[in-house]
Amino acid sequence: MNQNKALKHQNNAFKLSFLGAAGTVTGSRTLLQAGGRNLLVDCGLFQGLKNLRLRNCAPFPVDVSGLDAVILTHAHLDHSGYLPRLARLGYAGPILATSATVELARILLLDSAGIQEADAEFLNRHNLSSHKPALPLYTVGDAERVLKQFRKVEFDEWVEVFPGLRARWRSAGHILGAAIVEIDQAGRRIVFSGDLGRYDDAIMDDPTPIERADYLVLESTYGDRLHSDEDPLETLHALISRTVQRGGTVLIPAFAVGRVQLMLWYLYLLRGSARLPANLPIYVDSPMSLNATELYRRNTRMLRHSYSELQGAFQMPRYVRDVQESKSLDISPMPKIIISASGMATGGRVLHHLKHYAPDPRSTILFAGYQAAGTRGAAMVGGAAKVKIHGEYIPVRAEVRNLSMLSAHADSDEIIRWLKGFETAPSHCFLNHGEAQAADTLRLRIKDELGWKVKVVEHLEEFSPQ
Ligand SMILES: [Zn+2]
């Protein structure tokens, strides 16, 4: 039986419903009901802890046939990864996103669908599921279908989504195509920060300042943390040098979109200044990152460097294409650098390398970004003595580091800096996309330092003005 709520079209109603990313950094989905229309802003997968992942399989909280449009801030799966499922449930309307987001979403959604199919097949083959048979959340066919619903928009230009309701995408500096979205309707402005990037990032531009919002929905991923102000080049240099001296390998689990390219840029700078051992091989073992890297060529507008400057970095490593070559990397005892997805070690080829290098005290596992609760990345960064991979407990004896300054997310000070760009305080500021401690710490900072009215949202909470 369908337990989801029917959506009404009421002309003068204004309501925000937080359908995901409340108390967690995944499953971003906010329903905006305004001007008689029902818009979904982001449509992400839940990831990490099992009770969160189970929400992907639960009925969608509202009846999708009542949705009129989906607006996407960026392509990361925690913002886009539920879209094929939404289409499978009957959503046939438009999905509006910047052109780089559309191109990245194609890569990420097809990959995600392949993983969903492979996981279901694995469970069935090993008889591991209570569902007989286990079915994928969606298939490659579902992803291909939903990709046809995408409509490209330009940065900084107002788009009339419906008569009386317009939206504008402003660069967020987080990953290629990532945007802060402003929506105007009936004289009120609603702003969704999406994921905010860092100031002075090595590759991406700063987040665009926003002057005004009546309602602001703000991410809080690093709301309780500051990134280290160590020079990432120095830190990387020291870490690689000591690992190589031990005869070990540096294994870098990295998000295929953004983090792989940033790592390559830093390694390129180190190599250029002769601070990497001359013959130290660098491998990128993530077929998806090869496609993502290609996108940088077509989207230089959001970057600090011209593509020709970045090209040297992107051409430096050896890209591993087939599984056989991927496995053979672990046979050679020579020190090397392997960059491989996924970034939180939740899946992908990096798992095979982790099985090999995590037990090796000479090696280093280097994470480069936020590790969501419940992921192997969070466990290892938290000091876990062993992690479970493919049903087997693997001891962790390697050095484990997380260089959060390489993250694609603004830290607490950077979020506050971005908020200071507002000319007047929003009448309401809602915090989502953060684990409980991070969101609540940021709430206090905003209240005490800016004097704004601010609230941390709860799962399925609704808001409409009095
Ligand atoms: Zn993101």
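The sections below set out a description of the structure shown in this document. Quick caveat: nothing in here was measured; it's all calculated off a predicted structure.

Check the secondary structure of the chain and you find 14 helices and 22 strands. Its C-alpha radius of gyration of 22 Å places the chain within 12% of the 23 Å reference for a compact globule of 466 residues. Seen along its three principal axes, the alpha-carbon backbone of the chain occupies a region of about 65 × 55 × 40 Å. Buried positions account for 59% of the 466 residues belonging to the chain. Intrachain contacts of the chain at a sequence separation of at least 6 include 74% that bridge at least 24 residues. Per element, the accessible surface of the chain, about 18900 Å² overall, is 50% carbon and sulfur.

The next thing to look at is the packing of helix 7 (residues 259-272) against helix 9 (residues 307-315). Between helix 7 and helix 9, the shortest axis-to-axis distance is 8 Å and the interhelical angle comes to 90 degrees. Classified by the interaxial angle, the pair formed by helix 7 and helix 9 is roughly perpendicular. Within the contact between the two elements, helix 7 uses Gln261, Leu264, Trp265 and Tyr268 and helix 9 uses Glu309, Leu310, Gly312, Ala313 and Phe314. Each residue belonging to the contact of helix 7 with helix 9 can be placed in one class, and the counts come to six nonpolar, two polar and one charged.

Turning next to the sheet that holds strand 5 (residues 95-98). Taking strand neighbours across the sheet as the criterion, the seven strands line up as 6-5-4-3-2-1-22 in an open arrangement whose pairing is mixed. Both edges of this open sheet fall to strand 6 (150-153) and strand 22 (462-463), since each of them pairs with a single strand only. Across two bridges, strand 1 (residues 14-18) lies against strand 22 in antiparallel orientation. Within strand 22, the position partnered with Leu16 by the bridge is Phe463. The strands that helix 4 (residues 99-125) touches are strand 5 and strand 6; relative to strand 6, the one it contacts most, it runs at about 145 degrees.

With that settled, the discussion passes to the packing of aromatic side chains. Applying the stated criterion to the full structure yields eleven aromatic pairs. Where Phe14 meets Tyr215, the ring centres are 4.8 Å apart and the plane angle is 35 degrees; that geometry is what we call tilted. Of this pair, Phe14 sits in strand 1 while Tyr215 sits in strand 11 (residues 215-219), placing them 201 residues apart in sequence. The two residues Phe14 and Tyr215 agree in class, both being buried. Relative to Phe430, the ring of Phe18 lies with its centre 5.4 Å away and its plane at 45 degrees, an arrangement referred to as tilted. Here Phe18, found in strand 1, pairs with Phe430, found in strand 20 (residues 428-432); they are 412 residues apart in sequence, far enough to count as distant. The burial state of Phe18 is the same as that of Phe430; both residues are buried. Aromatic ring contacts, followed pair by pair, group Phe14, Phe18, Tyr215, Phe430 and Phe463 into a single cluster. One residue, Arg29, lies across the ring of Tyr82, its end atom 4.1 Å from the ring centre. A cation over an aromatic ring shows up here: Arg166 above the ring of Trp158, its NZ or CZ 3.9 Å from the ring centre.

All right, on to the coordination of the zinc ion then. Looking at the metal site, the zinc ion is ligated by His74 (NE2), His76 (ND1), His174 (NE2) and Asp195 (OD), spaced 2.2 to 2.4 Å from it. Every donor counted, the four donor atoms about the zinc ion form angles of 89 to 166 degrees at the centre, which fits irregular coordination. What makes His74 buried here is its relative accessible area of 0%. You can call His174 buried: its relative accessible area is 1%.

This part covers the packing of helix 6 (residues 232-245) against helix 7. Helix packing for two helices is described by the angle between their axes and how far apart those axes are. For the pair helix 6 and helix 7, interaxial distance at closest approach is 10 Å and the crossing angle is 75 degrees. In terms of orientation, helix 6 and helix 7 fall into the roughly perpendicular class. Here helix 6 contributes Pro232, Leu233, Leu236, His237 and Ile240 to the contact with helix 7, which in turn contributes Met263, Tyr266, Leu267, Leu269 and Leu270. Residues that form the contact of helix 6 with helix 7 fall into these classes: nine nonpolar, one polar and no charged.

For the rest of this paragraph, the subject is the environment of Ser17. Structurally, Ser17 is set in strand 1. Along the primary structure Ser17 and Pro94 are separated by 77 residues, whereas in three dimensions their C-alpha atoms are 20 Å apart. Excluding anything up to four places from it in sequence, Ser17 contacts Arg29, Thr30, Leu31, Gln33, Glu461 and Glu462.

For the structure on display, the rule yields 29 salt bridges. The closest approach of N and O atoms between Arg88 and Asp142, which form a salt bridge, is 2.6 Å. Here Asp142 lies in helix 5 (residues 140-147) and Arg88 lies in helix 3 (residues 83-88), a separation of 54 residues in the sequence. In this structure, Arg246 engages Glu399 in a salt bridge whose closest nitrogen and oxygen atoms are separated by 3.0 Å. With Arg246 in the loop between helix 6 and strand 12 (250-253) and Glu399 in strand 19 (residues 399-402), this residue pair connects regions lying 153 residues apart in the sequence. Sharing partners across several salt bridges, the network here consists of Asp156, Arg166, Arg168, Arg170, Glu182, Asp184 and Arg189.

Conventions adopted
- Going along each chain's sequence as written, the residues are numbered from 1 onward.
- Only residues with pLDDT of 70 or above have their local features reported here, since the model is predicted, and side-chain atom pairs are shown and tallied only from 80 upward, although totals for entire chains, interfaces and linings are computed over all residues.
- Hydrogens and water are ignored here; the side-chain numbers use all heavy atoms of the structure.
- Strands are runs of DSSP state E lasting at least 2 residues, helices are runs of H or I lasting at least 4, and numbering of each runs from the N terminus.
- Note on method: radius of gyration uses C-alpha positions; expected globular size equals 2.2 Å times residues raised to 0.38.
- Burial here depends on accessible area, computed with a 1.4 Å probe over protein chains only, as a share of the maximum for the residue type. Under 20% is buried, over 50% is exposed, and the range in between is partly exposed.
- The contact criterion used throughout is that any non-hydrogen atoms of two residues lie within 4.5 Å.
- The Shrake-Rupley method, run with a 1.4 Å probe sphere, supplies the accessible areas, and residue values consider only the shown protein chains as cover.
- Lines fitted to the C-alpha atoms define the axes, with helices restricted to the stretch that makes contact. Angles between their N-to-C directions range from 0 to 180 degrees.
- Put simply, angles under 35 degrees are roughly parallel, angles over 145 are roughly antiparallel, angles from 65 to 115 are roughly perpendicular, and the rest are oblique.
- Gly is put with the polar residues, along with every residue not named as nonpolar or charged; the nonpolar set is Ala, Val, Leu, Ile, Met, Phe, Trp, Tyr, Cys and Pro, and the charged set is Asp, Glu, Lys and Arg.
- Here, a strand pair is defined by DSSP locating no fewer than two bridges between the strands.
- Stacked, tilted and edge-to-face are the three classes assigned to paired rings of Phe, Tyr and Trp, where Trp is represented by its six-membered ring and a pair needs centres within 6.5 Å; plane angles under 30 degrees give stacked, over 60 edge-to-face, the rest tilted.
- Only Lys NZ and Arg CZ are tested; either one counts as a charge over a ring when it is within 6 Å of the ring centre and within 35 degrees of the ring normal.
- Metal sites are built from N, O and S donor atoms within 2.8 Å, or 3.2 Å for Na, K and Ca, and they leave out water, so they may look incomplete.
- For four-coordinate sites, all angles between 85 and 135 degrees define a tetrahedron; for four- and six-coordinate sites, opposite donors beyond 155 degrees with the remaining angles between 65 and 115 define square planar and octahedral shapes respectively, and all other cases count as irregular.
- Here a salt bridge means any side-chain nitrogen of Lys or Arg lying within 4 Å of a carboxyl oxygen belonging to Asp or Glu.

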